[in-house]
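# Structural overview for review
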Amino acid sequence: MSILDDRPGLKAEIEKVAEVAGYLWQKGWAERNGGNITVNVTRFVDDTMRAMPAISEPRPIGKTLPDLAGCWFYCKGTGKRMRDLAREPMANGSIIRITPDCAHYEIVADSPVSPTSELPSHLAVHGYLLAKGSPYRASLHTHPIELVALTHSPKWMEKDAATRMLWSMIPETKAFCPRGLGMVPYMLPSSVELADATIKAIDEDYDVVMWEKHGVFAVDTDIMDAFDQVDVLNKAAQIYISAKNMGFEPEGMTDAQMHELSTVFGLPK
Ligand SMILES: [Zn+2]
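The structure presented is a predicted model; accordingly, all values stated were derived computationally and were not measured.

Rules and cut-offs
Residues numbered from 1 in each chain as written. Predicted model: local features only at pLDDT ≥ 70, side-chain atom pairs only at ≥ 80, totals over all residues. Heavy atoms only, no water. Core = buried A, V, L, I, M, F, W, Y, C linked by side-chain atoms within 4.5 Å. Buried < 20%, exposed > 50% of the residue type's maximum accessible area, 1.4 Å probe, protein only. Helix = DSSP H or I, 4+ residues; strand = E, 2+ residues; numbered from the N terminus. 1 Å grid on protein atoms, 1.4 Å probe; cavity = no way out; pocket = protein on both sides within 12 Å on 5 of 7 lines; lining within 4 Å. Points joined across faces, edges and corners; volume = space filled by probe spheres on them. Nonpolar A, V, L, I, M, F, W, Y, C, P; charged D, E, K, R; others polar. Pairing = 2+ DSSP bridges.

### Observations concerning the nonpolar core
Grouped together as the largest cluster of nonpolar side chains are 51 residues, with contacts concentrated most on Ile3, Leu24, Ile37, Ile95, Leu147, Leu166 and Leu181. Looking at which element gives the most residues to this core, the answer is helix α10 (residues 223–245), with ten residues. Judged by nonpolar contacts, the second largest core, of 28 residues, contains Tyr105, Ala124, Tyr206 and Val219.

Following this line, the structure appears as C-alpha coordinates:
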(Lines give C-alpha, C1' and ligand atoms only; values in the text may rest on other atoms or scores of the structure.)
Protein backbone atom coordinates (compact mmCIF):
# COMPACT_ATOMS: atom_id res chain seq x y z
CA MET A 1 0.00 0.00 0.00
CA SER A 2 1.17 3.49 -0.86
CA ILE A 3 -0.35 6.90 -0.33
CA LEU A 4 -0.02 7.24 -4.11
CA ASP A 5 -2.59 4.47 -4.72
CA ASP A 6 -5.84 5.89 -6.11
CA ARG A 7 -4.34 9.39 -6.20
CA PRO A 8 -3.37 9.82 -9.87
CA GLY A 9 -2.51 13.51 -9.51
CA LEU A 10 -0.14 12.96 -6.61
CA LYS A 11 1.28 9.81 -8.23
CA ALA A 12 2.03 11.65 -11.47
CA GLU A 13 3.79 14.42 -9.55
CA ILE A 14 5.99 11.95 -7.65
CA GLU A 15 6.72 10.07 -10.88
CA LYS A 16 8.05 13.32 -12.34
CA VAL A 17 10.37 13.65 -9.34
CA ALA A 18 11.61 10.08 -9.89
CA GLU A 19 12.16 10.75 -13.60
CA VAL A 20 14.16 13.91 -12.87
CA ALA A 21 16.21 12.11 -10.18
CA GLY A 22 17.19 9.56 -12.85
CA TYR A 23 18.28 12.33 -15.22
CA LEU A 24 20.38 13.97 -12.48
CA TRP A 25 22.24 10.70 -11.93
CA GLN A 26 22.68 10.01 -15.66
CA LYS A 27 24.10 13.50 -16.19
CA GLY A 28 26.65 13.03 -13.45
CA TRP A 29 25.16 15.86 -11.42
CA ALA A 30 24.17 13.70 -8.42
CA GLU A 31 27.14 11.83 -7.02
CA ARG A 32 26.51 9.84 -3.85
CA ASN A 33 23.63 11.53 -1.96
CA GLY A 34 24.24 14.90 -3.67
CA GLY A 35 21.33 17.17 -4.46
CA ASN A 36 17.86 17.77 -3.10
CA ILE A 37 14.31 17.95 -4.33
CA THR A 38 11.26 19.29 -2.52
CA VAL A 39 7.84 19.71 -4.10
CA ASN A 40 4.80 21.43 -2.63
CA VAL A 41 2.09 18.78 -3.22
CA THR A 42 -0.69 20.50 -1.22
CA ARG A 43 -2.96 20.77 -4.27
CA PHE A 44 -3.10 16.96 -4.56
CA VAL A 45 -4.09 16.35 -0.93
CA ASP A 46 -7.66 15.16 -0.29
CA ASP A 47 -9.71 14.90 2.92
CA THR A 48 -8.80 11.23 3.45
CA MET A 49 -5.12 12.15 3.32
CA ARG A 50 -5.65 15.06 5.68
CA ALA A 51 -7.25 12.66 8.20
CA MET A 52 -4.32 10.21 8.09
CA PRO A 53 -2.27 9.79 11.27
CA ALA A 54 1.38 10.78 11.10
CA ILE A 55 4.03 8.02 11.11
CA SER A 56 6.57 10.21 12.92
CA GLU A 57 6.52 12.50 15.91
CA PRO A 58 6.31 16.22 15.12
CA ARG A 59 9.84 17.44 14.43
CA PRO A 60 11.04 21.05 14.57
CA ILE A 61 11.72 22.71 11.21
CA GLY A 62 14.14 25.09 12.92
CA LYS A 63 12.14 28.08 11.73
CA THR A 64 8.54 29.24 12.01
CA LEU A 65 7.12 29.61 8.50
CA PRO A 66 3.55 30.97 8.72
CA ASP A 67 3.10 30.96 4.92
CA LEU A 68 3.25 27.15 5.01
CA ALA A 69 0.09 26.69 7.10
CA GLY A 70 -1.74 23.61 5.80
CA CYS A 71 1.01 22.72 3.32
CA TRP A 72 2.26 19.27 2.32
CA PHE A 73 5.58 18.43 0.67
CA TYR A 74 7.37 15.56 -0.98
CA CYS A 75 11.03 15.65 0.17
CA LYS A 76 14.04 13.60 -0.78
CA GLY A 77 15.32 11.69 2.26
CA THR A 78 18.48 12.67 4.07
CA GLY A 79 21.48 10.64 2.89
CA LYS A 80 19.44 9.09 0.05
CA ARG A 81 20.76 8.76 -3.48
CA MET A 82 19.05 10.27 -6.54
CA ARG A 83 19.75 7.06 -8.47
CA ASP A 84 17.81 5.08 -5.84
CA LEU A 85 15.05 7.67 -5.65
CA ALA A 86 14.60 7.27 -9.42
CA ARG A 87 13.50 3.66 -8.87
CA GLU A 88 11.78 3.97 -5.50
CA PRO A 89 10.70 7.54 -4.73
CA MET A 90 8.66 6.62 -1.66
CA ALA A 91 11.47 4.57 -0.10
CA ASN A 92 14.02 7.36 -0.64
CA GLY A 93 11.80 10.28 0.20
CA SER A 94 8.63 10.96 2.13
CA ILE A 95 5.51 13.09 2.23
CA ILE A 96 5.32 15.49 5.15
CA ARG A 97 2.77 17.97 6.41
CA ILE A 98 3.43 21.18 8.30
CA THR A 99 1.81 21.19 11.75
CA PRO A 100 -0.62 24.01 12.66
CA ASP A 101 2.10 25.92 14.60
CA CYS A 102 4.06 26.22 11.30
CA ALA A 103 7.23 25.35 13.22
CA HIS A 104 7.15 21.54 12.98
CA TYR A 105 6.49 18.87 10.38
CA GLU A 106 5.43 15.25 10.61
CA ILE A 107 5.89 12.41 8.15
CA VAL A 108 2.65 10.97 6.79
CA ALA A 109 3.79 8.57 4.04
CA ASP A 110 4.95 6.00 3.01
CA SER A 111 7.99 5.18 5.20
CA PRO A 112 9.48 7.24 8.03
CA VAL A 113 12.28 8.53 5.79
CA SER A 114 13.74 11.65 7.40
CA PRO A 115 13.76 14.57 4.96
CA THR A 116 16.90 16.19 3.60
CA SER A 117 19.03 18.20 6.02
CA GLU A 118 18.37 21.10 3.63
CA LEU A 119 14.68 21.01 4.57
CA PRO A 120 14.67 24.34 6.50
CA SER A 121 16.15 26.25 3.55
CA HIS A 122 13.92 24.53 0.97
CA LEU A 123 10.83 25.20 3.09
CA ALA A 124 11.87 28.83 3.59
CA VAL A 125 12.02 29.20 -0.21
CA HIS A 126 8.58 27.56 -0.60
CA GLY A 127 7.20 29.94 2.05
CA TYR A 128 8.67 32.91 0.23
CA LEU A 129 7.14 31.74 -3.10
CA LEU A 130 3.68 31.27 -1.54
CA ALA A 131 3.82 34.67 0.16
CA LYS A 132 4.63 36.25 -3.19
CA GLY A 133 1.71 34.50 -4.91
CA SER A 134 4.12 32.62 -7.17
CA PRO A 135 2.83 29.55 -9.09
CA TYR A 136 6.18 27.82 -8.46
CA ARG A 137 5.84 24.60 -6.46
CA ALA A 138 9.14 22.76 -6.95
CA SER A 139 12.72 23.35 -5.85
CA LEU A 140 15.81 21.53 -7.05
CA HIS A 141 19.40 21.57 -5.85
CA THR A 142 21.99 19.75 -7.95
CA HIS A 143 25.68 19.86 -9.01
CA PRO A 144 25.83 20.48 -12.82
CA ILE A 145 29.48 19.97 -13.70
CA GLU A 146 30.12 22.71 -16.27
CA LEU A 147 28.08 25.38 -14.46
CA VAL A 148 29.91 24.68 -11.20
CA ALA A 149 33.25 24.83 -13.07
CA LEU A 150 32.39 28.34 -14.31
CA THR A 151 32.03 29.60 -10.74
CA HIS A 152 35.70 28.87 -10.04
CA SER A 153 36.52 32.04 -12.04
CA PRO A 154 35.73 35.43 -10.45
CA LYS A 155 35.00 36.70 -13.98
CA TRP A 156 31.87 34.56 -14.19
CA MET A 157 30.75 35.34 -10.65
CA GLU A 158 30.14 38.99 -11.57
CA LYS A 159 26.46 39.82 -11.79
CA ASP A 160 24.97 38.61 -15.09
CA ALA A 161 28.37 37.91 -16.72
CA ALA A 162 27.61 34.16 -16.90
CA THR A 163 23.97 34.85 -17.82
CA ARG A 164 24.99 36.94 -20.81
CA MET A 165 27.58 34.44 -22.02
CA LEU A 166 25.24 31.44 -21.59
CA TRP A 167 22.31 33.17 -23.29
CA SER A 168 24.56 34.03 -26.25
CA MET A 169 25.54 30.41 -26.96
CA ILE A 170 22.22 29.34 -28.57
CA PRO A 171 18.87 31.19 -28.76
CA GLU A 172 17.00 28.53 -26.77
CA THR A 173 18.95 29.29 -23.61
CA LYS A 174 17.39 32.74 -23.23
CA ALA A 175 13.99 31.49 -24.42
CA PHE A 176 13.84 28.65 -21.86
CA CYS A 177 15.80 30.20 -18.99
CA PRO A 178 14.57 33.74 -19.51
CA ARG A 179 15.55 35.13 -16.12
CA GLY A 180 19.15 33.95 -16.32
CA LEU A 181 21.46 32.78 -13.59
CA GLY A 182 21.70 34.55 -10.23
CA MET A 183 25.06 34.30 -8.46
CA VAL A 184 25.56 33.69 -4.75
CA PRO A 185 29.11 33.79 -3.34
CA TYR A 186 30.43 30.76 -1.47
CA MET A 187 28.71 30.09 1.83
CA LEU A 188 28.65 27.06 4.08
CA PRO A 189 26.24 24.38 2.74
CA SER A 190 22.99 24.13 4.75
CA SER A 191 23.63 27.49 6.45
CA VAL A 192 20.92 30.05 7.19
CA GLU A 193 23.08 32.62 5.37
CA LEU A 194 23.02 30.54 2.18
CA ALA A 195 19.25 30.08 2.41
CA ASP A 196 18.72 33.82 2.93
CA ALA A 197 21.06 34.72 0.06
CA THR A 198 19.23 32.25 -2.21
CA ILE A 199 15.85 33.80 -1.43
CA LYS A 200 17.31 37.26 -2.02
CA ALA A 201 18.58 36.15 -5.46
CA ILE A 202 15.21 34.61 -6.37
CA ASP A 203 13.60 37.87 -5.25
CA GLU A 204 15.92 39.74 -7.65
CA ASP A 205 14.06 37.84 -10.39
CA TYR A 206 16.08 34.71 -11.03
CA ASP A 207 14.62 31.17 -11.23
CA VAL A 208 18.05 29.53 -11.16
CA VAL A 209 20.62 30.55 -8.57
CA MET A 210 24.25 29.48 -8.69
CA TRP A 211 26.04 28.70 -5.45
CA GLU A 212 29.75 29.44 -6.02
CA LYS A 213 31.92 26.28 -6.13
CA HIS A 214 28.93 24.12 -5.17
CA GLY A 215 25.83 23.83 -7.37
CA VAL A 216 22.54 25.35 -8.48
CA PHE A 217 19.22 25.94 -6.78
CA ALA A 218 16.28 26.20 -9.18
CA VAL A 219 12.57 26.85 -8.72
CA ASP A 220 9.69 26.43 -11.16
CA THR A 221 6.06 25.32 -11.43
CA ASP A 222 7.05 21.65 -11.28
CA ILE A 223 10.25 19.65 -10.93
CA MET A 224 10.50 18.88 -14.66
CA ASP A 225 10.48 22.59 -15.52
CA ALA A 226 13.03 23.37 -12.80
CA PHE A 227 15.27 20.63 -14.24
CA ASP A 228 14.80 21.94 -17.80
CA GLN A 229 16.03 25.42 -16.83
CA VAL A 230 19.21 23.98 -15.32
CA ASP A 231 19.64 21.63 -18.28
CA VAL A 232 19.50 24.41 -20.91
CA LEU A 233 21.97 26.54 -18.92
CA ASN A 234 24.40 23.67 -18.51
CA LYS A 235 24.10 22.82 -22.22
CA ALA A 236 25.12 26.40 -23.02
CA ALA A 237 28.11 26.07 -20.68
CA GLN A 238 29.10 22.86 -22.50
CA ILE A 239 28.95 24.67 -25.87
CA TYR A 240 31.18 27.42 -24.48
CA ILE A 241 33.67 24.86 -23.21
CA SER A 242 33.58 22.93 -26.51
CA ALA A 243 34.51 26.09 -28.40
CA LYS A 244 37.32 26.82 -25.93
CA ASN A 245 38.54 23.24 -26.35
CA MET A 246 38.64 23.80 -30.12
CA GLY A 247 41.10 26.57 -29.36
CA PHE A 248 39.04 29.74 -29.77
CA GLU A 249 36.80 32.09 -27.79
CA PRO A 250 33.22 31.58 -29.00
CA GLU A 251 31.76 34.67 -30.66
CA GLY A 252 28.34 34.43 -29.03
CA MET A 253 25.14 35.96 -30.37
CA THR A 254 25.18 39.76 -30.47
CA ASP A 255 23.27 41.99 -28.04
CA ALA A 256 20.99 42.96 -30.92
CA GLN A 257 20.21 39.30 -31.68
CA MET A 258 19.41 38.61 -28.02
CA HIS A 259 17.30 41.77 -27.75
CA GLU A 260 15.35 40.67 -30.82
CA LEU A 261 14.60 37.33 -29.12
CA SER A 262 13.19 39.10 -26.07
CA THR A 263 10.99 41.34 -28.23
CA VAL A 264 9.66 38.60 -30.51
CA PHE A 265 9.07 36.04 -27.76
CA GLY A 266 8.03 38.49 -25.04
CA LEU A 267 10.78 37.46 -22.63
CA PRO A 268 11.05 39.20 -19.23
CA LYS A 269 14.68 40.38 -19.63
ZN1 LIG B 1 25.00 20.39 -2.85
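Additional details are given in the paragraphs that follow.
### Focus: empty space enclosed by the protein
One pass over the full model with this rule turns up one cavity of 30 Å³ or more. Here the largest cavity is characterised by a volume of approximately 60 Å³. Lining the largest cavity are Glu118, Ser121, His122, Val125, Ser190, Ser191, Leu194, Ala195, Thr198, Trp211 and Phe217. Listing elements by their share of the lining of the largest cavity, those giving two or more residues are α4 (119–132) and α9 (192–203). Classifying every residue of the lining of the largest cavity by side-chain character gives five nonpolar, five polar and one charged.

### What about the pairing of strand β5 (residues 104–109)?
In terms of residue burial, β5 counts as a mostly covered element, since five of its six residues are buried. Relative to β5, strand β2 (residues 59–60) runs antiparallel, the two sharing two bridges. Along β5, the bridge assignment pairs Pro60 with His104. Pairing analysis gives four bridges linking strand β4 (residues 93–98) to β5, with the strands arranged antiparallel. Looking at β5, one finds that Ile96 is bridged to Ile107.

### Things to note about the layout of surface pockets
Reported here for the largest pocket is a volume of approximately 160 Å³. Around the largest pocket, the lining is made up of 15 residues, and of these Asn33, Gly35, Asn36, Ser117 and Glu118 lie nearest the centre. By residue class, the composition of the lining of the largest pocket is one nonpolar, twelve polar and two charged.

Read these as spatial facts, not as claims about activity.
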